[in-house]
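Remarks on the overall topology
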Amino acid sequence: MEQPQIILDILESVDRDGERSQRSRASEVGIALGLTNAYLKFCIRKGYLKARKISARSYRYMLTPKGFTEKSRLAMNRLSVSLEFVRAVRGEYAALYASEPVRQWENMVIVGTSTLAEISAICAMERGIRIGAIVDPDSTDQHRLGLPLHRDFSAITEAVGGAVIADLEQPSRARDLAETALGADRVVIPPFLLALLPKKAAA
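Residues numbered from 1 in each chain as written. Predicted model: local features only at pLDDT ≥ 70, side-chain atom pairs only at ≥ 80, totals over all residues. Heavy atoms only, no water.

**Quick notes on the packing of aromatic side chains**
Any two aromatic rings considered together are summarised by their centre-to-centre distance and by the angle between their planes. Short version of the rule: Ring pairs are drawn from Phe, Tyr and Trp, using the six-membered ring of Trp, whenever the two centres fall within 6.5 Å, and their geometry is named by plane angle: stacked under 30 degrees, edge-to-face over 60, tilted for the rest. Think of it in three bands: with a 1.4 Å probe and only protein chains considered, a residue is buried below 20% of the maximum accessible area for its type, exposed above 50%, and partly exposed in between. Secondary structure elements follow DSSP: runs of H or I no shorter than four residues count as helices, runs of E no shorter than two count as strands, and numbering proceeds from the N terminus.
Applying the stated criterion across every chain, the model contains three aromatic pairs. Note on Tyr 59 and Tyr 61: the rings are 6.3 Å apart at their centroids and 40 degrees apart in plane angle, and the pair reads as tilted. Classification of Tyr 59 as partly exposed rests on a relative accessible area of 36%. Since its relative accessible area comes to 7%, Tyr 61 is described here as buried. Seen from their ring centres, Phe 85 and Phe 192 are 5.9 Å apart, and the 90 degrees between their planes marks the pair as edge-to-face. Here Phe 85, found in helix α4 (residues 65–98), pairs with Phe 192, found in helix α7 (residues 191–194); they are 107 residues apart in sequence, far enough to count as distant. Given a relative accessible area of 37%, Phe 85 falls into the partly exposed group.

Laid out in C-alpha cells, this is it:
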C-alpha cells in the first residue's frame with residue numbers, strides 16, 4: 001500500500017472514530033500496529049491531527065482544518081486515478097470491438113463478472129455488438145447485467161462467435177477457459193489484461 005493511501009485511510013479512520021484503539025485502527029487500515037503509530041505521529045507532525053490523552057494508555061485523535069483539507073485532496077486524487085483507469089479500460093474494450101474479426105462476430109460472450117464485465121458490455125452495446133451471455137465458473141447467479149450467466153461454455157445453447165476476457169482477478173484462468181471452448185483465434189483480451197498474463201511457452 002502506497003503512503004498517500006495509508007495517510008488517507010488513517011485520516012478517514014480518525015474522522016469516523018477518534019477514540020478507536022490503535023490496534024483496532026491498525027486492523028481497519030490493514031497495516032501493522034507499529035506502522036499505524038508511526039503514521040499517526042507523522043500526521044500530528046504535519047498538522048493533520050491533534051491528540052488528547054483520555055486515559056493512561058489511550059488518546060483521542062481529531063482532524064485539524066488542515067487535516068480535513070488533506071483528506072479531501074487525497075480522496076479526490078484517488079477518485080481521479082479510478083476515473084482515469086475506467087476511461088483507459090473503456091478505450092481498450094472499444095478498440096477491441098472495433099477491430100477485425102471481432103466486429104464480424106454476431107454473438108459474443110464475456111468471461112468474468114468483475115467491474116470490467118460492465119465496462120465491456122457497455123462498449124459492446126455502443127458498437128452494436130450482441131453479447132449473448134456471461135461466463136464465470138465461480139458465480140452462482142443465473143443472470144448478470146441482464147444477461148444469462150453460466151459457469152461454463154457448455155451451458156450456452158446459442159452459437160458463439162467469440163469471447164472477450166473481463167476477469168480482473170483471474171484473467172489467465174478466464175483465457176484458458178475461453179480458448180479451450182472456442183480456440184485462441186476466437187478469444188480477445190484488452191492490452192492491460194494481456195500484460196498481466198504469464199507468457200505461454202513456445203510450442
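So that's the structure; there's more coming.
**Regarding the side chain of Thr 64**
Counted only if it meets this: In this description, contact between two residues means that some pair of their heavy atoms is separated by no more than 4.5 Å.
Its place among the elements puts Thr 64 in the loop between β2 (58–63) and α4. In contact with Thr 64, other than residues within four places in its own chain, are Gly 47, Tyr 48, Leu 49 and Lys 50.

**Structural notes on the pattern of salt bridges**
Applicable threshold: Salt bridge, as used here: a side-chain nitrogen of Lys or Arg that lies within 4 Å of a carboxyl oxygen of Asp or Glu.
Using the criterion set out here, one finds 14 salt bridges in the structure. Between Arg 60 and Glu 19 there is a salt bridge whose closest N-O contact spans 3.8 Å. You can see Arg 60 sitting in strand β2 and its partner Glu 19 sitting in the loop between α1 (3–16) and α2 (22–29), a full 41 residues away along the chain. The partly exposed category is assigned to Arg 60, whose relative accessible area is 30%. Judged by its relative accessible area of 49%, Glu 19 falls in the partly exposed class. Here Arg 175 ties to Asp 176 by a salt bridge, and the two come within 3.3 Å at their closest N and O atoms. Among the residues examined, Arg 175 registers a relative accessible area of 8% and is labelled buried. According to the relative accessible area criterion, Asp 176 is partly exposed, its value standing at 36%. It is possible to trace a salt-bridge network through shared partners that takes in Arg 16, Asp 17, Arg 20 and Glu 28.

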